Amino acid sequence: MNDPLALRVSGLTKAYTSGGAKVPVLEGVSFSMQRGETLALVGESGSGKSTVLHLIAGLDRPCAGSIEISGVEVAGMSDADSAAMRRGTVGLVFQQFNLIPSLTVAGNIAFHARLSGRNDPDRNGELAARLGLEDHLGKYPETLSGGQQQRVAIARTLACRPALILADEPTGNLDEATADRVLDLLLDTARDAGAAVLMVTHSARHAGRMNRQLTLSRGRIVQGRAGEAPDQRQPA
């Protein structure tokens, strides 16, 4: 793939029906990300930030617009193709941990990497150690705290070596010191792999560590960081 862009979102529109009326959630959102770039998506609650991530991940369908990941149009993919994409090309760190209760921590970390043919036990062990999980590898999710489960979910995502990481408040369940350590690992691993990171966050401090910031308000991108013009670039 020769496309230098990891992600290109063009004219993304989404609405839901409530009481017989259409309720707009996103209205013509457009932006792009270079390979290896990190981008924070910020805005008030209900502005559509999580919806953007769900649409990019193929967990929901847009009403209009296109989404290209590494040059491949994904908005119209079948459910099976979307699932395959999430096992390899796109890594998800969402607020729902979605750990497999019948697998240990070690099994959960390796699960998607095995499916994508990228499982590396040494790498998994390194990720576990950096996330403070080395003493929990034989435990099951139900015995872990919410913060520990979040760290397992992050390790599972990084173990797959995805080209694009979508993170929705990835440190929201962690104390400040652990959150900083986890964000360090997320950004370091993404940089080493040349992966792009799109992160939704309410933390101005964490958003400030990303290469760029975009603000979403009422379903539209209204500004970039430091007074940049809205990043509504159309495909070349």
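Residues numbered from 1 in each chain as written. Predicted model: local features only at pLDDT ≥ 70, side-chain atom pairs only at ≥ 80, totals over all residues. Heavy atoms only, no water.

**Student:** Which residues make up the overall build of the protein chain, and what are the values?
**Tutor:** A count of helical and extended segments in the protein chain gives seven helices and 10 strands. Over its C-alpha trace the protein chain gives a radius of gyration of 17 Å, about what one expects of a compact globule, namely 18 Å for 236 residues. C-alpha extents for the protein chain along the principal axes are approximately 50 × 45 × 35 Å. Of the contacts made within the protein chain by residues no fewer than 6 positions apart, 71% connect residues no fewer than 24 positions apart. (Helix = DSSP H or I, 4+ residues; strand = E, 2+ residues; numbered from the N terminus. Rg over C-alpha atoms; globule rule 2.2 N^0.38 Å. Contact = heavy atoms within 4.5 Å.)

**Student:** Account for the side chain of S82, naming residues and giving values.
**Tutor:** Here S82 is to be found in helix α2 (residues 79–88). When its relative accessible area of 2% is taken as the criterion, S82 is described as buried. Ignoring any residue separated from it by four or fewer positions in sequence, one finds S82 in contact with G58 and M77. (Buried < 20%, exposed > 50% of the residue type's maximum accessible area, 1.4 Å probe, protein only.)

**Student:** Tell me what's going on with the environment of S102, and back it up with residues and numbers.
**Tutor:** Residue position: S102 is located in the loop between β6 (90–93) and α3 (105–115). C-alpha separation for the pair S102 and G125, spaced 23 residues apart in sequence, amounts to 20 Å.

**Student:** Please provide a residue-by-residue account of the pattern of salt bridges, values included.
**Tutor:** If the charged atoms of two oppositely charged side chains come close together, the side chains can form a pair. Taken as a whole and judged by the stated rule, the model has 11 salt bridges. The shortest N-O distance in the salt bridge between E37 and R212 comes to 2.5 Å. Taken together, the residues E37 in the loop between β2 (21–34) and β3 (38–42) and R212 in strand β9 (residues 212–217) connect sequence positions 175 residues apart. Each member of the pair E37 and R212 is classed as buried. Close ionic contact of R209 with D184 constitutes a salt bridge, the shortest N to O distance being 2.6 Å. Here R209, found in the loop between α7 (204–207) and β9, pairs with D184, found in helix α6 (residues 176–193); they are 25 residues apart in sequence, far enough to count as distant. Of the residues examined, R209 reaches a relative accessible area of 37% and is grouped as partly exposed. (Salt bridge = Lys/Arg side-chain N within 4 Å of Asp/Glu carboxyl O.)

Take it as geometry only, folks, not as evidence of what the structure does.
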